[in-house]
Structure formats: C-alpha cells, structure tokens
Amino acid sequence: MEERLSSILSSYEGKREELIPILQQIQGEFGYLPEQAMLEIARFARVPESSVYAIATFYTQFRFTPIGKKHVMVCRGTACYVRGASRVLETVEELLGIKEGETTEDMEYSLETVACIGACGLSPCIMINKKVEAKMTRKRLTDVLGKGEAAEA
Amino acid sequence: MSLEDTRANAQQQWQALQDSDKPVILVGTATCGRAAGALEVLDVFRDELPRRGIDATIVEVGCLGLCYVEPLVCITKPPRPGICYTNVTPKKAVALIEGYLVNDDCQAGMALGVLGDQGLEGIAPLLETPVFKHQVRRTLARCGVIDPSNFDHYLAHDGYAGLTKALKVGPEQVIEEVKNSGLRGRGGAGFPTWRKWQLCREAPGDEKYLVCNADEGDPGAFMNRSLLEGDPHALLEGMLIAGYAIGAETSYIYCRAEYPLALERVRMAIDQAKQHGLLGEDILGSGFNFHIKVKEGAGAFVCGEETALIASIEGERGMPRSRPPFPAVAGLWQKPTIINNVETLAGVALILQHGADWFAEYGTEQSKGTKTFALVGQVKNTGLVEVPMGTTLRKMIFDIGGGVLGDKPFKAVQTGGPSGGCIPASLLDTPVDYDSLAAAGSIMGSGGMVVMDEDTCMVDFARYFLDFAQKESCGKCVPCRLGTKQLLDILTDITQGKGTTEDIDLLVELGEAIKMGSLCGLGQTAPNPVLTTIRYFRDEYEAHVIDKRCPSGTCRALTQFVIVPETCTGCGLCRAACPVEAILGEKKATHEIIDERCTRCGACREACPFGAVTVAEAKQDKQLSG
Ligand SMILES: Cc1cc2nc3c(=O)[nH]c(=O)nc-3n(C[C@H](O)[C@H](O)[C@H](O)COP(=O)(O)O)c2cc1C
Ligand code: FES
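Not measured: the values here are computed from a predicted model.

**Describing the site of ligand 1**
Residue and element names in this part refer to chain B.
Consideration 1: Of all residues adjacent to ligand 1, which total 18 residues, the nearest are Gly187, Lys196, Gly217, Asn341 and Thr344.
Consideration 2: Between ligand 1 and the protein, one listed contact pairs an oxygen atom with a backbone N or O atom of Gly187 at 2.7 Å.
Consideration 3: Note that an oxygen atom of ligand 1 is positioned 2.8 Å from one of the backbone N or O atoms of Gly217.
Consideration 4: In the complex, the protein chains occlude 89% of the 610 Å² of accessible area that ligand 1 would expose alone.

Written out as structure tokens, the structure is:
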C-alpha cells in the first residue's frame, strides 16, 4: 500500500486545493480510503489529520470501508422516484440480502444510493460499476444482478 | 494552418460525408443511449457490416433527446435522406442491415421520421413529428448530429466563430452583445448574465476566475450532461468568450463525478482545443491567455450553490457563506469570480456566433431565448426538449411529451427540482418563464420537469424532497439544519397516519420561517415542495390526517389494496407480480388479496392490465381473508 500511496501523492504538490482530487484518486485506486492513507495525506499536505477527515466525511462520495466487486448504485432521483425507485431499492436489498450502505460478506456486492445518474428519461435506473441499467423491473434486476431463481438468497 | 483554413477543411469534409454515396449510420451513444443498449447495437453494426462486405461510415453521436425510444439509429442510404429508427435492439440492427442496407427496403415500420422536409414511403419528416414540431433546438442543435469527439465537426458547424468574433470586437462589446440578448442565467436564479460579468470586469485586481457550474445537482435533470456529452466544445467556446469578457485567464469546470462520460468528453475537447491553439497562451494571436481545469464534484448537492462550490474548489468542506460580498467581487481565493451554468455559457457562444437579435427572436419580454428541459416522470415521451421561453406547460407535457403515461389523469408537474414546487392541472396554461413559474410558487430552476399522474401521493412526494434537502443540508445554519429535519419528521408522521390538522398549519408556518432564516438557496427554497403541495393539494393532506387514508395508495400505513371482482379477469398477472404471495386465485377466477400478508408495495396494481387493483375507499376493518 505504501508504494501505491506515495506514487499517487508524488504527482501532487501538497496544496490545500488538491485534497479532494487526492482523496478521489486514492479512493479510485483502493475502492475506499484506508486509515493509513488519511494519515499519509495529512502529512503530505501538512494539515492536521482532522482536516482531511473533515473533508472526507463531508462529501458523500468518500467511504472508509472497502467495497465489493460489483458496486451497485440505485438512483433515488426524482424521475426514478416517481417511477418506483423505492421498490427498486427494496428489491435489490432483497435480492442481495444487504441494506443500503452495506457490502455482502463475500465482498461481491456493495449497495449504495445516488442522487441522480442523469439517465432520468429511462427511469428507474441503477448503475453497476459505472454502467447504467435503465427501466428497471423486478425481472430486469434479477437479470442484471445475476441473481436468477437458482441463486441463493 | 489558421483556424479559418482548418474550418474550410472541416466544412469540406462534412460536406463530403453528406454527399458520400456510401451509407452513413449514426448511432446515439450518450449515457441514456448506452443505458438502453446503444453500445451493443453499435457493436452489431461494427461487426456485421464488414462481415457482409458493406462499405458504410459509422458515426457515434450524442443524444437527440428522445430517451423514450432509445437506442436511436439514423441511417442515410443515398439517394434517400436519413431515416431515424427507434428502439433499436441488436436484433433490429441486424434487420436494418439485412432489410435496408442489403435489400433496399427501408423498414418504414421501425422508423420515427425522416430528415429533411419531405416525407418518404409513409414516414413523416422528423421535424414534423409532434415531439419535434414545437421545439426550437438551438442549444441542442448539434447534439445527436455531430460526433462530439470530432473537433472538425464542431468547427464545420460555426464552431469557435463566436470566439473569433469576440476577440475582434473586444470585451466591452462582448458584454454589450450579451446584454442586448437578454440572456439570464440558466442555472436556477435567472440573474442577467451581463450584469454579473460587468461587475466582475470592473472589480479591481488582475487575477480573476471563471467557473462553469456543471454540478447539475437537481435529481431528475440531465440538460447539462447531454450538452457536455453531445457537444462539449460549445461549452469551451462559451467559457473562452466569458473569460475574455471578464478578464479571467484561469477557469474551472466543476462537474459531478456521477457523469463519467461527460467528464471524458470534456477532457478530450480540452486537449483538442489546446492542440488547435484555442486554449493556452496568446489565443489566435490575440494576446488573450486562457486555461481550463476540470474539477470533479464529490457528491454534495449544496456544492451547486456558488459559494459552496468555491469552497469545494479551494479544498474545503462545501459550505456556503453569506453574500455579499458576491463572488463577482470576492470569490475563489477572494478574487473576483464568475460562476455560470453550462447552458448559460453555451448560450453565450450562440449569441456571439449569431448575434443578440437572433437569440432574442424567441422568448418573452423578461425571459429571452430558448431553454432546454428534462421532461421526465409519468410522461410518454421522456427526454430532453428545447422550447422558446414562454411555451406553456400544457404544450410541453401534452404536445411534445405526448401526455401522461398510460393516459392516466394528469396530477401535477414539478419544476425546479428540490428548490421548486408542484404545479397542478389548473395551472397547465402557465407559460414557462422565470416570472410566471415564480408566481405559481415554483421556480424555473435549471430545467427539470417531472410529471406525475394520479398514483403519485403529493404528501409523500413532499416528504421525498424534504428527505433530500435534510440529507443534503450542510448543517451550517440552524433554520435549514433543524428546520428541514422538523419538516421531514412532520411529513413522515402524516404519511404514517400519525398526523393532525394542526400539523398542516405548522408545516406552513415552519416552512415560511425556514425560507426567511436560511443562509443559502438550499434552505431558502427547501420548503417550496411542501408549501406548493399544501397550496394546491390541501385536500390530499387532509385525507391523510382526517380520514387516515392515502388516496393514491402510496403511503403504506394508510393504504389497503382490493381487487374489484367485476373488473378482474383472473389472468394471474398480479399473483405473479406479488413478491410476498399475498394474492390467491385460480386461473380465470377472481383473485383476492390477503390483507395480513400484503406489504402494500403496489406491484399488483402496476401489473394489472385492467385496472382491477384499486385503493380501498375507506380502510376496511373487517379482514379480507383468503
Ligand atoms: C442548493 C443549490 C444548488 C444549486 N445547484 C446548481 C447546479 O447544480 N447547477 C447550476 O448551474 N446552478 C446551481 N445552483 C445555482 C448557482 O448557485 C448559481 O446561481 C448558478 O450556477 C449561476 O449560474 P447562471 O447565472 O449561469 O445560472 C444552485 C443553487 C443552490 C442554492
Ligand atoms: S432521477 Fe434517476 S437517473 Fe436521474
């Protein structure tokens, strides 16, 4: 981890305005913000660790625990909402056996919600690892999540 | 090579593409197209055409705005004009190749419209179809027509002609032109663009900044995304002109991270502009230097607010501060800063390309030009539309949008996102402009337009927005932090059957106080969804608190579903749709809902093709047992 961290940090100057991009790149690399990274960033940018945490906890993009291989994001935007996003979320929770914000024990799936994906004309939508899936129904969800009847609950 | 030489080349190439005797196939591959499967369709064309020895040009384009029939493919096979096909699946793509490209039958059954003004073999001209007939596509003119990753395509369509003109006439004249156009900010508040610019230009100091607000925080809106994906150079050109006018050398595009494709396209466009000497030092020999940096948002709605956005770029928590001083005087690092929305800046490019008078041809006295809207929700033709300011809601929803999905009764339309309000059927003739929408208690906002049918509960809908506002409140000021939470709690109580009549009045009183006392636009507008729904749908609130009934069947604690025996055909679709096996009934016999098992998810109601599943008139005490 140390090597990957320092190679990321070496492309920055350590200015205050770089904090968010640094956090974004580190999360992009590790899938989350490891504790050690937070410490290193603080040292690198010469700010208290609490400042780095202050930012990381403010923005919903950042997380402190690893995520699963398939990052499922259910849109809770207005267009999706009026076309049944609540039920989509319920169904995904049921199919994956986890609640919003959780990751399956086998680290296969993580489930989060997102304010809007921008495919509102095809609502309700979900996004799996940056791929948008549109017009979700129970059947489509079962298909795209690879949770057919045979799969365990 | 000078820009004009490059343009001449680009125009020649574009003309060659139009005149080519090879078929040209346009595939819309913006995010919405992709979500509907456009990339798979693209693959079919890429694989099948060479395999069959068909020589054709495939071009990836942005979005025409017809989300409801994505994926879209447009095939031009000379001598016929281009024909636009809808809902193209990989299978249909093969049918198009075999039927049209090989066998010369243009597959009229799959077509939506034909390019140009003549119909063809029973296919109407595209621009005569109801979806397009009432639109005036200016900002979106190039979207879905050009390849957004092709610099020459932009150049061949007046691209950067506005910049050339700006550099010739000088900054003051640019501001004058924008003033004459009547352009007002497209990001929400509708502030006259020129006035901000003037303030910034006159502010002391040489270091000034321009920021493009591409955060598009309104959930349910995607105007900016489509433009960035379909025509990214339009934004860059607008930014160059704006930077030149206000005297900024450095600028930022603050774009939400949830838009990966838009970010990719913008970064690509920036590289291209640099290669052609349109970004960097001494642009087109004018002595003007300009740089654009891209910043990715990190998922905070409040960062769309300009002072919070500034804090976020500076690397702080995205918390707004009170204004004045306005960013135009003291913004990014305390330097004069202009923040403009994507569509505003794209409009600036158009104004310089075609002139202020051209821009002001459309619109109303106080709201000039055209505006893009994301027409979504329970409407047939969902998509991105562009209409003259002042077009009525009715025209947008019923003529362009084709009316309510499933021809259900129209209930309300929500404009302006979490800061806006719900407008009822009685006000459908309201013209869409800044002032008329404000008078109706809503706002124009950035252009989100969510249509609702009778199955949407207005109390629950208000609760939804308050949940959003409460989660997104940055917490800095008390009225917003605690007020939105209180509004949410009261609304939640009402939707759970725990509300009283006094609660409705309390919501109004509290809402007004939050509007007055909040620090930034988030809190100042967060009560709007509650206040407008109470204003127009008070009876629905009363049904919740007095009759303890949710008329639309949304609020689970207040709903009981029943199957009307006379209407039920016994098809069994409801039973199949029920996730908790709460429906019993033999095939072809009347079905019945077992109330104790029913979770009120509403899946059966949605599944029933005959409308036999309805909300019980009054909550029936007697258990319906099966
Ligand atoms: C809570 C909040 C969120 C906002 N979100 C956005 C947004 O996502 N995009 C945007 O352009 N403007 C947004 N605005 C409006 C901006 O503060 C600002 O008025 C606008 O970007 C100015 O650009 P314009 O003059 O070109 O419209 C938001 C305002 C508030 C109060
Ligand atoms: S509201 Fe769900 S994609 Fe926009």
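**Concerning the sheet that holds strand E14 (residues 448–453) of chain B**
Residues and elements named next belong to chain B.
Consideration 1: The strand order across the open sheet formed by five strands is E11-E10-E14-E12-E13, and the pairing between neighbours is mixed. Across the chains shown, the open sheet's two edge strands, defined by having one partner strand only, are strand E11 (383–388) and strand E13 (421–424). Going across the sheet, the axis of each strand differs from the next one's by a mean of 30°, ignoring polarity.
Consideration 2: Summarising the sheet, strand E12 (residues 410–415) and E13 pair through four bridges and their orientation is antiparallel. Counted as the bridge partner of Val413 is Ile423 from E13.

**Some remarks on a nonpolar patch on the surface**
Residue and element names in this part refer to chain B.
Consideration 1: Residues Leu199, Phe326 and Val329 make up a contiguous nonpolar surface patch of about 250 Å² in total accessible area.
Consideration 2: For Val329, the position within the fold is in the loop between helix H13 (306–313) and strand E9 (337–341).
Consideration 3: Taking relative accessible area as the criterion, Val329 reaches 42% and is therefore assigned partly exposed.

**Let's talk about helix H18 (residues 458–472) of chain B**
Residues and elements named next belong to chain B.
Consideration 1: The terminal C-alpha atoms of H18, which comprises 15 residues, lie 21 Å apart, in line with the 21 Å expected from a rise of 1.5 Å per residue.
Consideration 2: Most of H18 sits out of view: twelve of its 15 residues are buried.
Consideration 3: Along H18, the residues that are buried comprise Met458, Val459, Asp460, Phe461, Ala462, Arg463, Tyr464, Phe465, Leu466, Phe468, Ala469 and Glu472.

**Topic: the domain arrangement of chain A**
Consideration 1: For chain A, the assigned domains read domain 1 (2–58) and domain 2 (70–145).
Consideration 2: Between the C-alpha centres of domain 1 of chain A and domain 2 of chain A there is a distance of 29 Å.

**Regarding the sheet that holds strand E4 (residues 83–85) of chain B**
All names here are of chain B.
Consideration 1: Across the sheet, which stays open at both edges, the five strands sit in the order E2-E1-E3-E4-E5 with mixed pairing between neighbours. Edge positions in the sheet fall to strand E2 (57–61) and strand E5 (111–114), since each has one partner strand and no second. Neighbouring strand axes in the sheet, compared pairwise and without regard to direction, differ in orientation by 20° on average.

Thresholds, definitions, all that
Residues numbered from 1 in each chain as written. Chains lettered and ligands numbered in written order. Predicted model: local features only at pLDDT ≥ 70, side-chain atom pairs only at ≥ 80, totals over all residues. Heavy atoms only, no water. Near = heavy atom within 4 Å. Polar contact = N/O pair within 3.5 Å; in protein donor to acceptor, adjacent residues only side chain to side chain. Areas by Shrake-Rupley, 256 points an atom, 1.4 Å probe, with all protein chains shown as cover. Pairing = 2+ DSSP bridges. Helix = DSSP H or I, 4+ residues; strand = E, 2+ residues; numbered from the N terminus. Axes fitted to C-alpha atoms, helices over the stretch in contact; angles between N-to-C directions. Patch = residues over 30% accessible without salt bridge, like charges linked within 9 Å, V, L, I, M, F, W, Y side chains within 5 Å. Salt bridge = Lys/Arg side-chain N within 4 Å of Asp/Glu carboxyl O. Buried < 20%, exposed > 50% of the residue type's maximum accessible area, 1.4 Å probe, protein only. Expected span 1.5 Å × (residues − 1). Domains from an automatic or database assignment.

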